[in-house]
Amino acid sequence: MLEILRPGVQTTVQDLGRHGFRHLGIGQSGALDAPALMMANRLVGNPADAAGLEIVLGPVCLRFLRDGWFALTGADFDATLDGLPVWSGWRQPVRAGQVLQLPGCRHGMRAYLAVDGGIAVPEVLGARATDLNAGFGGHEGRALQAGDRLPQGEPVALNGKAGSRPPAWTPEIRALPGPEYTEFSAAAQDAFWTRPWTVTPQSNRMGYRLAGPTLAREARHDLLSHGVLPGVVQVPPGGQPIVLMADAQTTGGYPRIATVIEADLWKLAQARPGAELHFVPCTLGDARRALQQHRYQLNRFNWSAYGN
Amino acid sequence: MKQGEARFYLLGERAAVLASDAPADLACQRRIWWLASQLRARPELLDIVPGMNNLTVVFDPLTTDGEALLAELEQHWAGAAEASLTPRDVAIPVHYGGDSGPDLGDVARHAGLSAADVVAAHSGAEYIVFFLGFQPGFAYLGGLPEELATPRRAEPRLSVPAGSVAIGGSQTGIYPAAAPGGWHIIGRTELTLFDPLRDPPSLLLPGDRVRFVPQEAHHA
């Protein structure tokens, strides 16, 4: 059991999201920086898709109510356990009653906390992720509040500390041209790949709204509604792109100039308002190799954690 | 890739899309329902999402070959039958205009009609649920009278209230929960469109016949 003492800006229970219900309009939800949650889970001996906490900015404070292990990944929040520094990217043991403080981060946006056994809130429609828009899943379908107590799964036996090196954040976001890419003017296509895009404060778990040159579409017709996924870059008539994230709707109607590759979506999750991003064109093969590399790194960590 | 009246393309690295170029009608949508029901039997396909005249199939790019899936979709589409669903009739009570429908005037202006004419036309038509999307339990309805079609707002609203009845392009629908949205809000219903603990969680399902029933304005 975990007790939230101070919830911060937006702390939610997340796993890798809800799948198989998109045809009912039910979105994915789940960790925005999925590789970070997967790594935290691996560190404490959980399946990669167990539920943990996604912590946005700080300060956050919580108390552990049983002995066990925990790991923090993602943005480094300068965390302390009963006042002693905690290394981001490492697992460590914890005793019932100890207090974890996360004052905040200087870089990045989101930290992930995994505990051994996972956060054992009930599954709703096949997942423990919080759907903040529809208000279900996670803990009572909402962001956590002071006083909330979260159930923890069965303890996992682990030996000693283990750690991982976090991936380096860079502003280059690889993307594939989208289905309506060629409907945009030549100038818009060029601007999309060559100009910096600023993350606006209107960015959240649904989508990252970017500011930059106006992207003009030459085709005028409205599109029929179609399925969309996290990573799709939509351009509303105002000409400023929106990158869809885990809480995005399941269908949309705006033209899709590009899709961010899955392996780079975490970089958006860790980009702050004001950050400048650059879209870099890549191929389907690049995208698959990058995803393969992600899985490989996760597995390589498993070797170092359990293989010696 | 192109064959006959449909396009087949990949959306990013983990979705394959079939988009019919035929006019959006019930016959085409019934073929999409049929194809969706065929594909649902395959566990390696993670999500099968009908849209308006299109179908998006989500897969794991490390275990499923997207190009091969596109070829398969193309083959299936050529022989797709029209699924027959037994329609249910659902009546949706709506408060039109005022605070419940702040964009009723905009839709009326665009159509060159009075607000009362828009309400009469919108509530006089019979609609079919073509697909669900955008948010849990959000039904896209076919059957909007042509004169009410209104292009989406240039900038989506950051929050549209739950229960809002809205028009976007040639489509109309109801927002089950508060959400950002680019459609014009013409009214509001008090029905619960989505409840994750209800089975099925969505009030409206594909194939349902829907009517909007105007309610008297609230009196303060």
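Residues numbered from 1 in each chain as written. Chains lettered and ligands numbered in written order. Predicted model: local features only at pLDDT ≥ 70, side-chain atom pairs only at ≥ 80, totals over all residues. Heavy atoms only, no water.

Asks: What is the right way to read the overall build of chain B from this model?
Replies: Summing up its helical and strand segments, chain B has four helices and 14 strands in all. Over its C-alpha atoms chain B spans a radius of gyration of 19 Å, differing by no more than 12% from the 17 Å that the globule rule assigns to 220 residues. Projected onto its principal axes, the C-alpha coordinates of chain B cover approximately 60 × 40 × 35 Å. Residues counted as buried form 55% of the 220 residues belonging to chain B. Excluding contacts between residues fewer than 6 apart, the proportion of contacts in chain B whose partners are at least 24 apart in sequence is 62%. Summed over its atoms, the accessible surface of chain B is roughly 9100 Å², and 53% of this surface lies on carbon and sulfur atoms. Put simply, chain B has 16 plus and 26 minus side-chain charges, and the middle of one group is 2 Å from the middle of the other. (Helix = DSSP H or I, 4+ residues; strand = E, 2+ residues; numbered from the N terminus. Rg over C-alpha atoms; globule rule 2.2 N^0.38 Å. Buried < 20%, exposed > 50% of the residue type's maximum accessible area, 1.4 Å probe, protein only. Contact = heavy atoms within 4.5 Å. Areas by Shrake-Rupley, 256 points an atom, 1.4 Å probe, with all protein chains shown as cover. Lys, Arg positive; Asp, Glu negative; His and termini not counted. Charge placed at Lys NZ, Arg CZ, Asp CG, Glu CD.)

Asks: Quick question: what am I supposed to make of the overall build of chain A here?
Replies: When helices and strands are counted, chain A shows four helices and 21 strands. For a compact globule of 308 residues, the expected C-alpha radius of gyration is about 19 Å, and chain A comes in at 20 Å, within 12% of that figure. Each principal axis of the C-alpha atoms in chain A carries an extent, and together these give about 60 × 35 × 30 Å. Counting across all 308 residues of chain A, residues that qualify as buried make up 59%. The contacts of chain A with a sequence gap of at least 6 include a subset with a gap of at least 24, amounting to 74%. Split by element, the accessible area of chain A, about 11900 Å² in all, is 53% carbon and sulfur.

Asks: Looking at this structure, I do not really get the packing of helix H1 (residues 26-39) of chain B against helix H2 (residues 66-78) of chain B. What am I missing?
Replies: All names here are of chain B. Direction vectors running N to C along H1 and H2 enclose 125°, while the axes themselves pass 10 Å from each other. If you check the angle between H1 and H2, you find them oblique. For the pair H1 and H2, the sense of crossing is right-handed. Touching Cys-28, Arg-31, Ile-32, Trp-34, Leu-35 and Leu-39 of H1 are Leu-73, His-76, Trp-77 and Ala-78, all from H2. Residue composition of the contact of H1 with H2, grouped by class: eight nonpolar, one polar and one charged. (Axes fitted to C-alpha atoms, helices over the stretch in contact; angles between N-to-C directions. Parallel < 35°, antiparallel > 145°, perpendicular 65-115°, else oblique. Left-handed = near helix turned anticlockwise from the far one by under 90°. Nonpolar A, V, L, I, M, F, W, Y, C, P; charged D, E, K, R; others polar.)

Asks: What exactly am I supposed to notice about the environment of Arg-106 of chain A here?
Replies: Residues and elements named next belong to chain A. Relative to the helices and strands, Arg-106 resides in the loop between strand S9 (99-102) and strand S10 (110-115). A relative accessible area of 60% means that Arg-106 is categorised as exposed. Distance in space between the C-alpha atoms of Arg-106 and Ala-75 is 8.4 Å, their sequence separation being 31 residues. Residues contacting Arg-106, with those up to four places away along its chain left out, are Asp-76, Asp-78 and Arg-272. Here the side chain of Arg-106 touches Asp-78 through a polar contact of 3.0 Å, side chain to side chain. (Polar contact = N/O pair within 3.5 Å; in protein donor to acceptor, adjacent residues only side chain to side chain.)

Asks: What exactly am I supposed to notice about the domain arrangement of chain B here?
Replies: Think of interface size as the accessible area that goes away when the parts come together; that is how it is often given. Residues and elements named next belong to chain B. Here chain B is partitioned into domain 1 (2-78) and domain 2 (89-214). On a C-alpha basis, the centres of domain 1 and domain 2 stand 27 Å from each other. Residue-level contacts link seven residues of domain 1 with eight residues of domain 2. Across the interface of domain 1 and domain 2, roughly 620 Å² is buried in total on both sides, 80% from carbon and sulfur atoms. Of all residues in domain 1, Leu-26, Trp-33 and Met-52 give up the largest surface area on contact with domain 2, accounting jointly for 70% of the area buried on that side. (Domains from an automatic or database assignment. Buried area = accessible area lost by both parts, 1.4 Å probe.)

Asks: Honestly, the sheet that holds strand S4 (residues 60-64) of chain A in this entry has me stumped. Any pointers?
Replies: Consider a sheet: its strands pair through backbone hydrogen bonds, and that pairing is either parallel or antiparallel. Residues and elements named next belong to chain A. Read across the sheet, six strands follow the order S7-S6-S9-S4-S1-S11 without closing on themselves; strand pairing throughout is antiparallel. What marks the edges here is a single partner per strand, and that holds for strand S7 (84-85) and strand S11 (149-150). As judged from the two bridges shared by strand S6 (residues 80-81) and S7, these two strands associate in the antiparallel manner. By the bridge assignment for S7, Thr-80 is matched with Pro-85. (Pairing = 2+ DSSP bridges.)

Asks: Help me out: how do you make sense of the nonpolar core in this one?
Replies: Generally speaking, soluble globular proteins have nonpolar side chains that are buried together. The biggest cluster of nonpolar side chains holds 33 residues, and the ones touching the most others in it are Phe-192, Leu-215, Val-243, Ile-257, Leu-268 and Phe-279 of chain A. Those elements that provide at least two residues to this core are helix H1 (34-43), strand S13 (172-177), helix H2 (186-194), strand S14 (197-199), strand S15 (207-211), strand S20 (256-260), helix H3 (265-269) and strand S21 (276-281) of chain A. It is H2 of chain A that contributes the most residues to this core, four residues altogether. Discounting residues that sit within four places of it in the chain, Leu-215 of chain A has contacts with Phe-184, Ala-188, Ala-191, Phe-192, Trp-197, Val-235, Gly-239, Pro-241 and Ile-257 of chain A. Ile-92, Ala-121, Leu-144 and Phe-194 of chain B belong to the second largest nonpolar core, which has 32 residues in total. (Core = buried A, V, L, I, M, F, W, Y, C linked by side-chain atoms within 4.5 Å.)

Asks: Could you clarify how one ought to interpret the pattern of salt bridges in this entry?
Replies: Oppositely charged side chains are able to pair whenever their charged atoms sit close together. Residue and element names in this part refer to chain A. In total, this model carries 26 salt bridges over all chains according to the counting rule given. The salt bridge partner of Asp-264 is Arg-174, with a shortest N-O separation of 2.9 Å. Linking Asp-264 in the loop between S20 and H3 with Arg-174 in strand S13, this pair joins segments that are 90 residues apart in sequence. A relative accessible area of 29% means that Arg-174 is categorised as partly exposed. Across the salt bridge formed by Glu-180 and Arg-256, the nearest N and O atoms sit 2.8 Å from each other. (Salt bridge = Lys/Arg side-chain N within 4 Å of Asp/Glu carboxyl O.)

Asks: How do you make sense of the side chain of Arg-31 of chain B when you look at a structure like this?
Replies: Residue and element names in this part refer to chain B. Within the secondary structure layout, Arg-31 lies in helix H1. The buried category is assigned to Arg-31, whose relative accessible area is 18%. At 2.7 Å, the side chain of Arg-31 forms a polar contact with the backbone oxygen of Trp-77. Excluding its chain neighbours within four sequence positions, the residues that come into contact with Arg-31 are Glu-5, Trp-77, Ala-78, Ala-80, Ala-81 and Glu-82.

Asks: What should I look at first to understand the packing of aromatic side chains in this one?
Replies: Residue and element names in this part refer to chain A. Inspection of the entire model under this criterion finds 13 aromatic pairs over all chains. Here Tyr-181 and Trp-193 contribute two aromatic rings whose centre-to-centre distance is 6.2 Å and whose plane-to-plane angle is 55°, an arrangement assigned as tilted. Taken together, the residues Tyr-181 in the loop between S13 and H2 and Trp-193 in helix H2 connect sequence positions 12 residues apart. Note on Tyr-181: relative accessible area 15%, which makes it buried. (Phe/Tyr/Trp six-rings, centres within 6.5 Å; stacked < 30°, edge-to-face > 60°.)

Asks: What should I look at first to understand the sheet that holds strand S12 (residues 162-163) of chain A in this one?
Replies: Residues and elements named next belong to chain A. If you trace the six strands from one edge of the open sheet to the other, you get S2-S3-S10-S5-S8-S12, paired in antiparallel fashion. Whereas interior strands pair on both sides, the edge strands pair on one side only; in this sheet they are strand S2 (10-14) and S12. Pairing of S2 with strand S3 (residues 52-56), which is carried by five bridges, proceeds in the antiparallel orientation. Counted as the bridge partner of Thr-12 is Glu-54 from S3. The strands touched by H1 within the sheet are S2, S3, strand S5 (68-74), strand S8 (90-94), S10 and S12, with S5 carrying the most contacts at an inclination of about 155°.

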